[in-house]
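Analysis of the macromolecular model
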Amino acid sequence: MSKAALSLELPWVEKYRPHLLKDIVGNEDTIERLKHIAKDGNMPHMIISGLPGIGKTTSIHCLAHELLGDSYSQAVLELNASDDRGIDVVRNQIKHFAQKKCHLPTGKHKIIILDEADSMTAGAQQALRRTMEIYSNTTRFAFACNQSNKIIEPLQSRCAILRYTKLSDEQVLKRLLEITKAEDVKYTNDGLEALIFTAEGDMRQAINNLQSTVAGHSLVNGDNVFKIVDSPHPLIVKKMILAPTLDDSLLILRKELWDKGYSAVDIVTTSFRVTKTLYELKEPQRLDMIKEIGITHMRILEGVGTYLQLAAMMAKLSTHKLSTN
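Residues numbered from 1 in each chain as written. Predicted model: local features only at pLDDT ≥ 70, side-chain atom pairs only at ≥ 80, totals over all residues. Heavy atoms only, no water.

**Focus: the domain arrangement of the protein chain**
- By the assigned domains, the protein chain splits into domain 1 (12-163), domain 2 (170-229) and domain 3 (234-323).
- Using only C-alpha atoms to locate each centre, domain 2 and domain 3 end up separated by 26 Å.
- Counting residues at the interface gives 5 residues for domain 2 and 4 residues for domain 3.
- Both sides of the domain 2 and domain 3 interface together cover about 400 Å² of buried area, and 64% of this is carbon and sulfur.
- Of all residues in domain 2, Phe197, Glu200 and Phe226 give up the largest surface area on contact with domain 3, accounting jointly for 98% of the area buried on that side.
- Our enumeration of links across domain 2 and domain 3 arrives at 1 salt bridge.
- Among the salt bridges present, the one from Arg273 reaches Glu200, with a minimum N-O distance of 3.7 Å.
- Between the two partners, domain 2 and domain 3, sit 1 residue pair in polar contact (both at pLDDT 80 or more).
- Here the side of domain 2 that touches domain 3 gets 3 residues from one element, more than from any other, and that element is helix H10 (residues 189-199).
- A per-class count over the side of domain 2 that touches domain 3 returns 3 nonpolar, 1 polar and 1 charged. (Domains from an automatic or database assignment. Contact = heavy atoms within 4.5 Å. Buried area = accessible area lost by both parts, 1.4 Å probe. Salt bridge = Lys/Arg side-chain N within 4 Å of Asp/Glu carboxyl O. Polar contact = N/O pair within 3.5 Å; in protein donor to acceptor, adjacent residues only side chain to side chain. Helix = DSSP H or I, 4+ residues; strand = E, 2+ residues; numbered from the N terminus. Nonpolar A, V, L, I, M, F, W, Y, C, P; charged D, E, K, R; others polar.)

Listed below in structure tokens is the structure:
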């Protein structure tokens, strides 16, 4: 497929977005609860919290489709609360929609979806309290957020709280295989492993990285994926950590990572993830090394993202690697 043809298509993350609850990957227990709500027809106010890219907003849309059917387009209002997050939005858009008359099947409600709800100002959240109570006979609210503790207590007490967990590698792999088959994508096993490694349980990230790699290269393999996502290759990081001497480790750090422009945060993050599964070393050694990487990560996040910090980290890792624990 030509690059021009690819650019005219929908993003794959939209093209393959589920429209029914049964098509959603992962979080089976929570999805079962939503299926019961769809069957019963009486949706409570709800908060869905969890990491980005694991299906929170998609789940709410699927539930709305199953509850409202053909009335979906007129009876659902979606706002991204990270943009529309002030008190004026609550007083105007949300209140006007809640007051709007809609011809819905008996027992059905209009649904207001507030994405990134943990970004709403405290004032806007306080203003929602009364609106939710006044219009609860006709309108139900669904909040999607990364951290439910940033939603004020009075709103939490009015809602059913559903928590989503990170998707497993197997679940991400299953969906990637479905998409590669549908799009006739050429791939290698290490390419799929790279997509899963870089996504860290984020389905949206995995699918976007897959499409970006296909657009830039004809083959989805490990090297091409890491080039596209601009992330240090874990095999290089592994070689750096397991190098026989500190001088060898520092040479790899300088020549193959730092001089190629990878940031200190990316290098230390990949080092952490590689060390977790570095079964060539004994567990006590791995734990000590992870601790040192964590300390370096903290310093870098505080603003000291220099080569010196990474070199010091490698010196400490080298000491633990040579220990006889």
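**Quick notes on the sheet that holds strand E4 (residues 139-145)**
- Read across the open sheet, the 5 strands follow the order E2-E3-E4-E1-E5; overall the sheet is parallel. Of all the strands in the sheet, the pair left with one neighbour each is strand E2 (76-80) and strand E5 (160-163). On average, adjacent strands in this sheet sit at an angle of 15 degrees to one another, irrespective of strand direction.
- In this structure, strand E1 (residues 46-49) lies alongside E4, joined through 4 bridges in parallel fashion. What sits directly across from Ser49, in E4, is Cys145. (Pairing = 2+ DSSP bridges. Axes fitted to C-alpha atoms, helices over the stretch in contact; angles between N-to-C directions.)

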